[in-house]
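Each chain, written out:
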Amino acid sequence: MFAFDKSGAADMNAAGKARLDEFATQVKRFDRLRAIRIVGHTDRLGSDTYNLALSQRRAETVRQYLIQRGVPAGVMSAQGMGEAQPVQECSSDLGRTALIACLQPNRRVEIEVDGSGVLQ
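Only a predicted model underlies this, so the values are computations on that prediction, with no experimental measurement involved.

(A) Expanded view of the pairing of strand 2 (residues 76-80). Here strand 2 shows one buried face, formed by Met76, Ala78 and Gly80, and one open face, formed by Ser77 and Gln79. With five bridges joining them, strand 1 (residues 30-40) and strand 2 adopt parallel strand pairing. Among the inter-strand pairings, Val39 is bridged to a residue of strand 2, identified as Gln79.

Encoded structure:
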């Protein structure tokens, strides 16, 4: 969803924005929306402290993006996980550019929804 070492709304890729727009449309149709947990992640490049802060900024960017699209702010929380939960492992033998590209799936935001009863 995010470019390397980036966390702003302008840094989200078009596909990620489109998925968030669709998510906002769908979640606003829930009859009962109790909580939305937004969790940011990074790749392994950089220090643990830096990556934790970067992942928090990514989660907060997504939260703000969804608020701007009408998702209720009061039900959303944003949390950064840093590099703790990778979905892609890559060899350190790769050159820096190839390694950054290989680790792209780890630069993501996941959203968990506690809700039910989609309105028609």
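(B) Quick peek at the pattern of salt bridges. Evaluation of the coordinates by the stated rule reveals seven salt bridges. Across the pair Arg32 and Asp31 runs a salt bridge whose closest N-O atoms are separated by 3.8 Å. Judged by relative accessible area, Arg32 falls into the partly exposed class, the value being 47%. With its nearest N and O atoms 3.4 Å apart, the salt bridge here joins Glu60 to Arg63.

(C) Structural detail: the nonpolar core. Counting 18 residues, the largest nonpolar core has Ile36, Ile38, Val62 and Leu66 as the members making the most contacts within it. Among the secondary structure elements, those contributing two or more residues to this core are helix 1 (14-27), strand 1, helix 2 (48-68) and strand 2. If near-sequence neighbours (up to four positions away) are discounted, Ile36 is found in contact with Phe23, Val27, Val71, Val75, Met76, Ser77, Ile111, Glu112 and Val113. Counting residues in each nonpolar core, the second largest holds five residues, with Leu45, Cys90, Ile100 and Leu103 among its members.

(D) Spatial organisation of helix 2. Between its first and last C-alpha atoms helix 2 spans 30 Å; for 21 residues at 1.5 Å apiece the expected length is 30 Å, and the two agree. Taken together, the buried positions of helix 2 are Asn51, Leu54, Ser55, Arg58, Ala59, Thr61, Val62, Arg63, Tyr65 and Leu66. Positioned one or two residues after helix 2, Gly70 has a phi angle of 90°, which is positive.

(E) Molecular detail of the state of the cysteines. All told, the structure shown has one disulfide when counted by the stated rule. The side chain of Cys90 participates in a disulfide bridge whose partner is Cys102; the two sulfur atoms lie 1.9 Å from each other. An S-S torsion of about -90° defines the bridge between Cys90 and Cys102 as left-handed. Taken together, the residues Cys90 in the loop between strand 2 and helix 3 (96-102) and Cys102 in helix 3 connect sequence positions 12 residues apart. Its relative accessible area of 9% is what places Cys90 among the buried residues.

Cut-offs applied
- Residues numbered from 1 in each chain as written.
- Predicted model: local features only at pLDDT ≥ 70, side-chain atom pairs only at ≥ 80, totals over all residues.
- Heavy atoms only, no water.
- Buried < 20%, exposed > 50% of the residue type's maximum accessible area, 1.4 Å probe, protein only.
- Helix = DSSP H or I, 4+ residues; strand = E, 2+ residues; numbered from the N terminus.
- Pairing = 2+ DSSP bridges.
- Salt bridge = Lys/Arg side-chain N within 4 Å of Asp/Glu carboxyl O.
- Core = buried A, V, L, I, M, F, W, Y, C linked by side-chain atoms within 4.5 Å.
- Contact = heavy atoms within 4.5 Å.
- Expected span 1.5 Å × (residues − 1).
- Disulfide = S-S within 2.5 Å.

None of the figures reported here should be taken as evidence of function without further support.
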